[in-house]
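# Observations on chain architecture
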Amino acid sequence: CRDDDIYRNIAEPLVFEAVNGGVATILLHGQTGSGKSYTMSGIETRTAHGLFEAIADKPQNARPVVTVQFVELCGSKECRDLLVKKSGEIKLVDSEDGSVRLVNATSHEVSCPEELLARIMLAKGRRATEATDKNGVSSRSHAVCQLRFVGKSRGVLTLLDCAGSERRHDSMYHSR
């Protein structure tokens, strides 16, 4: 599928849901080298533009403030804030609305697609990668980008790019 098709058919309805006060998640999971991070990059770009277009269509007094948090989950215990060089302990906490809060993660307000994409690119540049036989820059962590929409209603959109699941043959070429 083309990135535009993926966005229009899968991501765009979820972006609209979150901008209008709902909770939505886009999760990419699969084998190393299958294109998860590549596909997520297309979704991120189109989402950044789409959400600010959706906000611009709202009356001035109903436009939510957009914030971004970006963390990586390494193994079962470590959670790092990717928007700062050094961070304290980040905790994942369930909220009453069904979303997950990233406690102690920095939250940056963004006001345009370019600013959001710059934050995302900064965070992705700090994500743990390692070369494998299948992929020279394989993601070795789960990347969690959480966008919050705060205004008359509160929405959350989580973009989750999981580390690759490995086939037994692929696992011979790297360790955890």
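This text follows the structure it describes.
Residues numbered from 1 in each chain as written. Predicted model: local features only at pLDDT ≥ 70, side-chain atom pairs only at ≥ 80, totals over all residues. Heavy atoms only, no water.

## Overview of empty space enclosed by the protein
Counted under the stated rule, the structure contains one cavity of 30 Å³ or more. Taken as a whole, the largest cavity spans an internal volume of roughly 40 Å³. Lining the largest cavity are M40, E44, F70, K124, R127, A143, C145, L159 and D161. Of the residues contributing to the lining of the largest cavity, the split by class is five nonpolar, no polar and four charged. (1 Å grid on protein atoms, 1.4 Å probe; cavity = no way out; pocket = protein on both sides within 12 Å on 5 of 7 lines; lining within 4 Å. Points joined across faces, edges and corners; volume = space filled by probe spheres on them. Nonpolar A, V, L, I, M, F, W, Y, C, P; charged D, E, K, R; others polar.)

## Notes on the pairing of strand 5 (residues 100–103)
In the sheet, strand 4 (residues 91–94) pairs with strand 5 via four bridges, with the strands oriented antiparallel. Note on strand 5: the bridge partner recorded for L92 is L102. With antiparallel pairing between neighbouring strands as the criterion, strand 4 and strand 5 make up a hairpin whose turn holds five residues, including G98 at a positive phi of roughly 95°. (Pairing = 2+ DSSP bridges. Helix = DSSP H or I, 4+ residues; strand = E, 2+ residues; numbered from the N terminus.)

## Some points on the nonpolar core
Counting 32 residues, the largest nonpolar core has I43, L51, F70, L116, L147, F149 and L157 as the members making the most contacts within it. Of all elements in the fold, only helix 1 (3–19), strand 1 (23–28), helix 2 (36–56), strand 2 (65–74), helix 3 (113–125), strand 9 (142–150) and strand 10 (154–161) reach the threshold of two or more residues within this core. Residues contacting F149, with those up to four places away along its chain left out, are A18, V19, L51, I55, P64, V65, V66, R154, G155, V156 and L157. Judged by nonpolar contacts, the second largest core, of nine residues, contains L73, C79, L102 and L160. (Core = buried A, V, L, I, M, F, W, Y, C linked by side-chain atoms within 4.5 Å. Buried < 20%, exposed > 50% of the residue type's maximum accessible area, 1.4 Å probe, protein only. Contact = heavy atoms within 4.5 Å.)

Spatial relationships are all this shows, so hold off on functional conclusions.
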